[in-house]
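The primary structure of each chain is shown beneath.
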Amino acid sequence: MTQHPPTGLPDKIRHFIDGTFVDSVGGETFDVLDPVSNKTYIRAAAGQKADIDLAVSAAKKAFKSGAWPRLLPRERARIMHRVADIVESRDAQLAELESFDSGLPITQARGQARRAAENFRFFGDLIVAQHDNTFKVPDRQMNYVNRKPIGVAGLITPWNTPFMLESWKLAPALATGNTVVLKPAEFTPLSASLWAEIFREAGIPDGVFNLVNGLGEEAGDALVKHPDVPLISFTGESRTGQIIFGNAAPYLKGLSMELGGKSPAIVFADADLEAALDATVFGVFSLNGERCTAGSRILVQREIYDDFVERYAERAKNVVVGLPSDPATEVGALVHPEHYNKVMSYVELGKSEGRLVAGGGRPEGFPTGNYVAPTVFVDVAPDARIFQEEIFGPVVAITPFDTEEEALELANNTAYGLAAYVWTSQLKRAHNFAQAVEAGMVWLNSNNVRDLRTPFGGVKASGLGHEGGYRSIDFYTDQQAVHITLNESHSPRFGTAK
Ligand code: NAD
């Protein structure tokens, strides 16, 4: 089984600096693999410190003396909407690139482009509606907030749903008038170059958006350590977040960290079982299980445990694994052989930590490529590594519980705290549980659907700071306080003693 590269690919993936596609200064490149054949289908420029220096300098110039930060909000908003229109019009092309490069099923890749466009519309609207505070002390003082873009924002993104995740950062950073340097994930660099064409067509001036491809330890590291980049917005693994946090510390940079997860889905005996089943199967197997908010630990109340497990295993066995480009496919190929090996090592480990009821290896008929059969382990002990660690693939651990207290303890019993899903028909229990669970986001009797105005982010090892809605505007802007006296200024008179 093979898939053909999309038509019209360039000979190489290049950086985009100051309005021009360029190779690395030193000519370095890296291989980009197609997850179905694991063969190199294109090479990409591997950014080094010298390339980051050029990109930051272009972004700095565009910030200091270019038009972008000085446009009226309405003018920037118009451009943001143009970006959204173009992204939407390229939905099919984007989905094809994304699915080919990352191994995501094509039907799920299509939704990503629409969501990316929505981020641009949303932040375009938000900056026009944006208002800031003025505080008056009658007859004495006026105080107002002068909100300003900060400068060059460094954006570092992961390989799961790459284009959409880039839009989360690009849209608020640009809408608020910053200039940016984007360092996309090295496993999936293909779709990021489209931003350059889309932004140019929409009218974003040269130098405002810069793209440097490359490895995290090289290009990403240089961006984090660049003294002229005051902000880093990072999405990726918790371990990488720790490294970046340390590297940014000497520069006292503004940091936003969206990190890993091991989110629980808690199913009480009084839940609408069919709905819970649909959501928990989708919650861990959609996007190939490569989803930060995947409900990868399912806690099920003892009364319904056996029935749930049986039905869940049945569903998992029936999930359609196939070529990413096939519209019937529900789980495609994992992004890269390195990641495949990591997920497979957890599948092997799981065999000694739980009872395997579905999957457990390569699916039949897929001798090559990064395919993992949807895998279900049940009766998993809370201290098992497959219960504690993020696997980031189509692998789920199911554990029984008896009481609500026990469910809460199990739910909170990991280093992570990104999302939680609660299934119960008792209103009080749903809210009390939601408020007590250690998670940045909770969905009650529902799946992972988020209104863009709400906060997004995790607690504990899942992140630092929240983005989403006005919180993103706050991250990408300074709120300068300006104070004016309306009367005499009353200063104690120093130096008048003689
Ligand atoms: P990763 O941490 O390996 O890489 C993410 C990005 O960081 C890549 O662009 C990489 O090149 C770069 N990077 C790596 N080392 C770096 C360094 N030393 N300095 C600077 N940059 C560096 O993560 P990944 O494997 O690409 O993505 C999967 C992870 O992302 C999972 O843990 C997942 O849960 C998480 N994720 C979180 C969210 C969220 O919103 N919380 C969303 C999506 C993915």
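Residues numbered from 1 in each chain as written. Predicted model: local features only at pLDDT ≥ 70, side-chain atom pairs only at ≥ 80, totals over all residues. Heavy atoms only, no water.

S.K.: Quick question: what am I supposed to make of the overall build of the chain here?
M.R.: Per the secondary structure count, the chain includes 15 helices and 20 strands. Against the globule reference of 23 Å for 498 residues, the chain gives a C-alpha radius of gyration of 24 Å, in line with a compact fold. Structurally, the chain occupies a C-alpha span of about 85 × 55 × 40 Å along its principal axes. A total of 498 residues make up the chain; the buried ones form 57% of that total. Across the chain, contacts joining residues at least 24 apart in sequence account for 73% of those joining residues at least 6 apart. Total accessible area on the chain stands at roughly 20,700 Å², and carbon and sulfur atoms take up 52% of it. Both charge centroids of the chain, one from 48 positive and one from 61 negative side chains, sit 8 Å from each other. (Helix = DSSP H or I, 4+ residues; strand = E, 2+ residues; numbered from the N terminus. Rg over C-alpha atoms; globule rule 2.2 N^0.38 Å. Buried < 20%, exposed > 50% of the residue type's maximum accessible area, 1.4 Å probe, protein only. Contact = heavy atoms within 4.5 Å. Areas by Shrake-Rupley, 256 points an atom, 1.4 Å probe, with all protein chains shown as cover. Lys, Arg positive; Asp, Glu negative; His and termini not counted. Charge placed at Lys NZ, Arg CZ, Asp CG, Glu CD.)

S.K.: Please clarify how the site of the ligand should be interpreted in this entry.
M.R.: Every one of the 31 residues lining the ligand counts as a neighbour, but Thr157, Lys183, Glu186, Thr240 and Glu390 are closest to it. Within the contact set of the ligand, an oxygen atom lies 3.4 Å away from a backbone nitrogen or oxygen of Gly236. Glu390 places a side-chain nitrogen or oxygen 2.6 Å from an oxygen atom of the ligand. Summarising the interface, the protein chains cover 93% of the accessible area of the ligand, which totals 850 Å² for the free molecule. In terms of residue count, helix H7 (residues 216-224) provides more of the shell around the ligand than any other element does, four residues in total. Its residues assigned to classes, the shell around the ligand comprises 16 nonpolar, nine polar and six charged. Three or more residues apiece are contributed to the shell around the ligand by two domains, here domain 1 (15-258 + 468-481) and domain 2 (264-444). (Near = heavy atom within 4 Å. Polar contact = N/O pair within 3.5 Å; in protein donor to acceptor, adjacent residues only side chain to side chain. Nonpolar A, V, L, I, M, F, W, Y, C, P; charged D, E, K, R; others polar. Domains from an automatic or database assignment.)

S.K.: So what exactly am I meant to see when it comes to the nonpolar core here?
M.R.: When a protein is soluble and globular, its nonpolar side chains tend to lie buried together. Among the nonpolar cores identified, the biggest contains 55 residues, and Leu170, Trp195 and Phe209 are the most heavily contacted of them. Top element by residues in this core is helix H4 (residues 106-129). It accounts for eight residues. In contact with Phe209, other than residues within four places in its own chain, are Phe16, Leu170, Val180, Leu182, Trp195, Ala196 and Phe199. Listed in part, the 44 residues of the second largest apolar core include Met164, Val267, Ala294 and Ile398. (Core = buried A, V, L, I, M, F, W, Y, C linked by side-chain atoms within 4.5 Å.)

S.K.: Hey, could you run me through the environment of Leu182 in this one?
M.R.: Secondary-structure assignment places Leu182 in strand S8 (residues 179-183). A relative accessible area of 0% places Leu182 in the buried class. A C-alpha to C-alpha distance of 18 Å links Leu182 and Pro69, two positions 113 residues apart in sequence. Residue contacts for Leu182: discarding those within four places in its chain leaves Leu155, Thr157, Glu166, Leu170, Ala192, Trp195, Phe209, Asn210, Leu211 and Val212.

S.K.: Can you walk me through the environment of Lys262 in this structure?
M.R.: By the element assignment, Lys262 lies in the loop between strand S11 (254-258) and strand S12 (264-267). Taking the C-alpha atoms as reference, Lys262 lies 7.5 Å from Thr414; in sequence the two are 152 residues apart. Excluding anything up to four places from it in sequence, Lys262 contacts Ser296, Arg297, Ile386, Phe387, Gln388, Glu389, Glu390, Ile391, Thr414 and Tyr416. Polar side-chain contacts of Lys262 include one of 2.8 Å to the backbone oxygen of Glu389.

S.K.: I keep staring at the pattern of salt bridges and nothing clicks. Help me out?
M.R.: Side chains bearing opposite charge may pair, as long as their charged atoms lie close to each other. With the rule as written, the count across this model stands at 28 salt bridges. Residue Asp278 is joined to Arg315 by a salt bridge in which the shortest nitrogen-to-oxygen separation is 2.6 Å. With Asp278 in helix H9 (residues 273-285) and Arg315 in helix H10 (residues 302-318), this pair connects stretches of sequence that are 37 residues apart. Under the relative-accessibility criterion, Asp278 is labelled partly exposed at 39%. We classify Arg315 as partly exposed; its relative accessible area is 30%. Within this structure, Glu274, Asp278, Asp307, Arg311 and Arg315 form a network of salt bridges that share partners. (Salt bridge = Lys/Arg side-chain N within 4 Å of Asp/Glu carboxyl O.)

S.K.: Looking at this structure, how should I read helix H8 (residues 238-248)?
M.R.: An α-helical turn contains 3.6 residues, so a residue and the one three or four places further along point in the same direction. Considered for burial, the residues of H8 that qualify are Ser238, Gly241, Ile244 and Ala248. Down the axis, H8 shows its buried residues gathered within 115° of arc, on one side only. In this structure, H8 carries Arg239 and Gln242 as exposed residues pointing more than 90 degrees from its buried face. Among the structural elements, strand S7 (152-156), H7, strand S10 (231-235) and S11 are those in contact with the buried residues of H8. (Arc of directions from axis to C-beta.)

S.K.: Mind showing me how you'd approach the side chain of Lys169 here?
M.R.: Structurally, the position occupied by Lys169 is in helix H5 (residues 162-175). Sequence-distant contacts of Lys169, defined by excluding residues within four places in its chain, comprise Leu155, Ile156, Thr157, Ser233, Phe234, Thr235, Glu467 and Tyr476.

S.K.: Which parts of the structure should I look at to understand the sheet that holds strand S5 (residues 134-137)?
M.R.: Strand pairing in a sheet is mediated by backbone hydrogen bonds. Such pairs are either parallel or antiparallel. Here we have three strands laid out as an open sheet, ordered S5-S6-S20, and antiparallel in their pairing. Here the strands that pair on one side only, and so sit at the sheet edges, are S5 and strand S20 (477-485). The average undirected angle you get between the axes of adjacent strands in this sheet is 20°. (Pairing = 2+ DSSP bridges. Axes fitted to C-alpha atoms, helices over the stretch in contact; angles between N-to-C directions.)

S.K.: Honestly, helix H13 (residues 404-412) in this entry has me stumped. Any pointers?
M.R.: Those residues of H13 that sit buried are Ala407, Leu410, Ala411 and Asn412. Lining the buried residues of H13 we find S12, strand S13 (297-301), helix H12 (385-388), strand S16 (395-401) and helix H14 (427-436).

S.K.: Can you help me understand the pairing of strand S4 (residues 40-45) in this one?
M.R.: In the case of a regular strand, side chains alternate between the two sheet surfaces. Note: strand S3 (residues 29-33) against S4, five bridges, orientation antiparallel. Residue pairing for S4: Leu33 is matched across the bridge by Thr40. Hairpin geometry of S3 and S4 is characterised by an intervening segment of six residues between the two adjacent antiparallel strands and by a positive phi of about 60° at Asn38.

S.K.: I tried to follow the side chain of Thr414 on my own but got confused; where do I start?
M.R.: Within the secondary structure, Thr414 is located in the loop between H13 and strand S17 (419-423). From its side chain, Thr414 meets the backbone nitrogen of Tyr416 in a polar contact 3.2 Å long. Apart from residues lying up to four places away in sequence, Thr414 is in contact with Lys262, Arg297, Phe387, Gln388 and Lys460.

S.K.: Can you help me understand the sheet that holds S13 in this one?
M.R.: Read from one edge to the other, the open sheet built from seven strands follows the order S14-S15-S16-S13-S12-S17-S18, with strand pairing classed as mixed. The outermost strands of the open sheet, each flanked by one partner alone, are strand S14 (355-358) and strand S18 (441-444). Strand after strand, the sheet turns through a mean of 20° between neighbouring axes, direction not considered. Pairing of S12 with S13 involves four bridges; the strand directions are parallel. Bridge pairing links Pro264 to Arg297 in S13. Along the sheet face, H10 touches S12, S13, S14, strand S15 (375-378) and S16 and points at about 140° away from the line of S13.

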